[in-house]
Amino acid sequence: MRDASPGAVFLKDYRPPAFLINRTELHFELGEEETLVTSRLHLLRSPEAEGEQQLTLHGQELELLQVLIDNEVLAESAYQQNEDSLVVFDVPEQCVLSCKTRIRPQNNTSLEGLYRSQGMFCTQCEAEGFRKITYYLDRPDVMSVFSVTMVADDTRYPVLLSNGNQLESKLLDDGRRQVLWHDPFPKPSYLFALVAGDLQYIEDHFETMSGRRVTLRIFVEPKDLGKCEHAMASLKRSMRWDEDVFGREYDLDIFNVVAVDSFNMGAMENKSLNIFNTSCVLCDPDITTDHGYQQVEAIVAHEYFHNWSGNRVTCRDWFQLSLKEGFTVFRDAEFSSDMGSRTVKRVEDVAVLRTAQFAEDAGPMAHPVRPDSYIEINNFYTLTVYEKGAEVVRMIHTLLGPERFRAGSDLYFQRHDGQAVTCEDFVRAMEDASGVDLQQFRRWYSQAGTPRITVRDEYDADSACYTLHVAQSCPPTPGQEQKSPFVIPLAMGLLGDAGNLPLTLQGEEPDTETADNTQRVLMVDQPSQCFVFEGVPERPVPSLLRGFSAPVRLEYNYSREDLCRLMSSDDDGFVRWDSAQNLAIQVITQVQSQLAGGQAAVVDPLLLDACGKLLADTSLDPAMVAAMLTLPSENYLAELAGEGAADVDGIHAARLLVHRTMGEALSAQLLARYRELACNQPYAATGEQIAARALRNLCLNYLASADTGHLSLATAQLAAADNLTDRLAALKVLAFHGQEADWADPLQAFYDAWGHETLVVNQWLALQATMPDSSAIARVRKLMHHPDFDLRNPNKVRSLVGAFAGQNPVNFHSADGEGYRLLAETVAELNGVNPQIASRLLAPLTKWRYYVGRSELMRAELEKLAALSDLSPDVYEVVTKSLQ
């Protein structure tokens, strides 16, 4: 392990590389006990580093066998090997430096660099994994053309893949196969990929807009060959959409995807050789939920879109990570919106943002979209960089409009193709193409925290004027006590008795030409501003932050009657959902207060009536109705309570009471919709079927919550279901609302039927981890010794321990602290196995300041971790920042 007190890396200290690598030649001899790697780096001293003769290459866990310059072996005095680097003292201005190293992928449990998974070799090099393969300038601003030769046993590893195009494949006299791959496009080392294994593939083709024919292949283990069609169809849709919407054409003759079971991330966009977690590429109705089908489509698209927004144009340094990730998340969200329901997709994204990213902004690891410093870069693959980064790009899209945004992206790709650039370069391209000044807008990249928009209003009936008073602020975050005003696009409308009203700002001429002038985007760029609307015939209800036009917290004193009007009548789908959420929050908070005061809890009939109207309106998209009827999560309610105010038991009891009351009050309607939405057609992952299943299964959940007599519906559904979505929904109802006698045998039968499918077993583990009964902690500990649980497999850890800590708040926050101990013990064990996964598991403990009566117990577990002598930099950074 490295020093337990590693130093920080700062953006302000960035310096260009002293040397460039024009060409990289790699030779791998893959063996069962060891792998020999020979690298030939064609070096050229950078013009910006005149006179520099010392070369420092990154490297970790490497056994150095030989170093040469221009084929001359260097004496040991000519270089110095350190724990994290190789320093070569006297390097000519132009030369070829060769290194021969020995590595042992079979012992690599960190899953970074080259490692073994299920008998195959594979790589994960982002962010700094390549340095575990050979000594290199492992930084994103060093871009090189790669040629890769692999030699391996032809029987064990008949498939040998790398980036680019395959130029040669031949069988050697000793029974090994040698394959040569060449990628003509310069790339940084983090985009290097290698796969060797006994794999099979499905093949298809795509004709680009210029008429080129591209071969598409998805490689999997033989048993999974029939589970790739959805991913292949998603890939082809992604390629066509990127041509149509962004004008981006694929640039090589082949595009390969490989599915790997042990993988730290969801997927990786390595040039022309995407490596995917199996959970993000394999699909079948029996092993994949509806949500899983949608996720596979989105992730396939995301990784493909990186070919331009990340590969052809990459980031200069890791502080610019959102340059590629935020932009690409925006692109994949737009793609998913075009493939399905734009409103439902927006609601899903905002729910994640407000529950998890806002909490990140308010926590000890808060950082700007473009961080100023880090200790371990793996800790900054965060919702802030990805999701908030995408929201920043979305705001630019809102400010510029679709046509000027497209012109800006075209200019960005044209100007910087083949370069490693910065967030500033992206914004400047948008400015130059549009003529819009984004100087103040840049604060979104440099200031951390979630801005707060406070709105109050007044109406003058005599003058028919309506005034919005808007103020913005942003709370302090680590290292940033004071914040300057942001540029916040506030999309809004005004709802009257007959619908949304036309809008005319004071001083403007009424708009009589626009077909729909009921929405405006107000530019909030000062600490406080006033916006006066003229010709408003009645006091309206403001429809604010339409489409979630900015990642901010909104404060406006809506009455419950106002929220009901917005739920039923506003023409913005997001506002309707948000109003339903806010109404539920008000009611749950009131019930929690009543229970805490020893009063009889009463659920406001307004909520019940509004939900009843939703159920009765069969003209509405069932997926939207399901989203609107879903109560805010306990984690979100705790986050809203704020530091020192989250009563986890009170929140759980209040939400459960409201949930049961809704089930009781609406039972007839719920039962009717449950029966109406039954599908008699074979399973299909279509928008229509997915929407129907979402609402039908939500109805079943409410029914069983209110009356255990309805558990028979779940039992019948479990027996008749032809897909995993309905099976899991029924099993969850039995497990969450029944007694052990109701769920023990079905859970075992489910495992007996599907225990051979790894991805289904992961769902089985997650379901048991999130059950709210008091035996949850003991059950999780027992499952950690189950034959199908493996601490070295990130999917297993996320499914069991991650799901328990993140999705079972009432048990994770058990008053005796056992939930915290379970998580801390797991993190301590993973610290030496896979530090990246260990640090990501820690997020629930970092919120220790929020919870009433639990804070000291949570802090104590963090302090135990901080005291470990061999703490990895990944875990060290999260723990120490959490305790500050």
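Use the structure listed above.
Description of the structure in this document.

Calculation rules
Residues numbered from 1 in each chain as written. Predicted model: local features only at pLDDT ≥ 70, side-chain atom pairs only at ≥ 80, totals over all residues. Heavy atoms only, no water. Helix = DSSP H or I, 4+ residues; strand = E, 2+ residues; numbered from the N terminus. Buried < 20%, exposed > 50% of the residue type's maximum accessible area, 1.4 Å probe, protein only. Contact = heavy atoms within 4.5 Å. Areas by Shrake-Rupley, 256 points an atom, 1.4 Å probe, with all protein chains shown as cover. Lys, Arg positive; Asp, Glu negative; His and termini not counted. Charge placed at Lys NZ, Arg CZ, Asp CG, Glu CD. Pairing = 2+ DSSP bridges. Axes fitted to C-alpha atoms, helices over the stretch in contact; angles between N-to-C directions. Parallel < 35°, antiparallel > 145°, perpendicular 65-115°, else oblique. Left-handed = near helix turned anticlockwise from the far one by under 90°. Nonpolar A, V, L, I, M, F, W, Y, C, P; charged D, E, K, R; others polar. Salt bridge = Lys/Arg side-chain N within 4 Å of Asp/Glu carboxyl O. Polar contact = N/O pair within 3.5 Å; in protein donor to acceptor, adjacent residues only side chain to side chain. Phe/Tyr/Trp six-rings, centres within 6.5 Å; stacked < 30°, edge-to-face > 60°. Lys NZ or Arg CZ within 6 Å of the ring centre and 35° of its normal. Expected span 1.5 Å × (residues − 1). Arc of directions from axis to C-beta.

This next bit is on the overall build of the chain. Regarding its fold elements, the chain presents 27 helices and 32 strands. Seen through its principal axes, the chain has C-alpha atoms that stretch 90 × 70 × 60 Å. For the chain, buried positions account for 60% of its 884 residues. Long-range contacts, defined as pairs at least 24 residues apart, comprise 71% of the intrachain contacts of the chain with a sequence gap of at least 6. Summing over all exposed atoms, the chain offers an accessible surface of approximately 33600 Å²; the carbon and sulfur share of this is 47%. When the 78 positive and 125 negative side-chain charges of the chain are each reduced to one mean point, those points stand 1 Å apart.

Read across the sheet, five strands follow the order β17-β18-β19-β21-β20 without closing on themselves; strand pairing throughout is mixed. Lying at the two open borders of the sheet, with one neighbouring strand each, are β17 (200-207) and β20 (267-268). The pairing of β20 with strand β21 (residues 273-277) spans two bridges and is classified as antiparallel. Residue A267 lies in a different strand from β21, and its bridge partner there is F276. Packing against the sheet, helix α1 (residues 229-246) makes contact with β17, β18 (213-220) and β19 (254-260), and its axis sits at approximately 25 degrees to β17. On top of the sheet, helix α2 (residues 290-305) reaches β19, β20 and β21; it is set at about 150 degrees to β21, its chief contact.

On to the packing of helix α26 (residues 855-866) against helix α27 (residues 873-883). Direction vectors running N to C along α26 and α27 enclose 135 degrees, while the axes themselves pass 10 Å from each other. As summarised for this structure, α26 and α27 are arranged oblique, according to the angle between their axes. The way α26 lies across α27 gives a crossing that is left-handed. Note on element contacts: α27 touches α26 through V879, S882 and L883, opposite R859, L862, E863, L865 and A866. When its residues are assigned to classes, the contact of α26 with α27 shows five nonpolar, one polar and two charged.

Here three strands make up an open sheet; going across it, the order is β4-β8-β7 and the pairing antiparallel. Looking at which strands have only one partner, the edges of the open sheet turn out to be β4 (55-58) and β7 (79-81). When strand polarity is set aside, the average angle formed by the axes of neighbouring strands in this sheet is 15 degrees. Two elements, β7 and strand β8 (residues 85-88), share three bridges in a ladder whose sense is antiparallel. Directly across from Q80, in β8, lies its bridge partner V87.

Applying the stated criterion across every chain yields a total of 71 salt bridges. Between R248 and D410 there is a salt bridge, with the nearest N and O atoms lying 3.5 Å from each other. Linking R248 in the loop between α1 and β19 with D410 in helix α6 (residues 402-416), this pair joins segments that are 162 residues apart in sequence. Here D432 and R415 are joined by a salt bridge, their closest N and O atoms 3.1 Å apart. A residue pair is termed long-range when its members are at least 10 positions apart, and D432 in helix α7 (residues 423-434) and R415 in helix α6 qualify at 17 residues. The class of D432 is partly exposed, set by a relative accessible area of 45%.

For Q480, the position within the fold is in the loop between β26 (465-473) and β27 (488-496). Within polar-contact distance, the side chain of Q480 engages the backbone nitrogen of A448 at 2.8 Å. What Q480 contacts, discounting residues up to four positions off in sequence, is P368, D372, S446, Q447 and A448.

All right, on to the packing of aromatic side chains then. Overall, the coordinates contain 38 aromatic pairs when judged by the stated rule. Summarising the aromatic geometry, the rings of F130 and Y136 are spaced 4.9 Å apart at their centres and angled 70 degrees between planes, so their arrangement reads as edge-to-face. The residues F130 and Y136 share a single accessibility class, namely buried. Note on Y136 and F146: the rings are 6.1 Å apart at their centroids and 40 degrees apart in plane angle, and the pair reads as tilted. Taken together, the positions of Y136 in the loop between β11 (120-124) and β12 (144-153) and F146 in strand β12 put the pair ten residues apart, joining distant regions of the chain. Residue Y136 shares its accessibility class with F146, and that shared class is buried. Lying over the aromatic face of Y14, R316 brings its terminal NZ or CZ to 3.7 Å of the ring centre. The ring of Y674 has R696 sitting right over it, with the charged end atom 3.9 Å from the ring centre.

Time to look at the pairing of β8. Along β8, one buried face is formed by S85 and V87 and the opposite face, lined by L86 and V88, is buried too. Pairing between β4 and β8: four bridges, direction antiparallel. The partner of L57 across the bridge, within β8, is L86.

Our focus in this paragraph is the packing of helix α19 (residues 740-754) against helix α20 (residues 758-770). The contact between α19 and α20 brings their axes to 10 Å, and the two run at 165 degrees. By the angle class used here, α19 and α20 are roughly antiparallel. The two elements α19 and α20 cross, and the hand of that crossing is left-handed. Contacts between α19 and α20 involve L747, F750, Y751 and W754 from the first element and V760, V761, W764, L767 and Q768 from the second. When its residues are assigned to classes, the contact of α19 with α20 shows eight nonpolar, one polar and no charged.

With that out of the way, let us pick up α19. Its 15 residues place the ends of α19 21 Å apart at the C-alpha level, agreeing with the 21 Å of an ideal helix rising 1.5 Å per residue. Listed in full, the buried residues belonging to α19 are W743, P746, L747, F750, Y751 and W754. End-on, the buried residues of α19 take up no more than an arc of 140 degrees, which puts them together on one face. Every exposed residue of α19 that faces more than 90 degrees away from the buried side is listed here: A741, D745 and D752. Those residues of α19 that are buried lie in contact with α17 (711-720), α18 (724-737), α20 and α21 (776-783).

A word on the side chain of T288. As for its position among the elements, T288 is in the loop between β21 and α2. By relative accessible area, T288 is classed as buried at 6%. Among the polar contacts made by the side chain of T288, one reaches the main-chain carbonyl oxygen of L282 at a distance of 3.5 Å. Excluding residues within four positions of it along the chain, T288 makes contact with L282, C283, Y293, L724 and T725.

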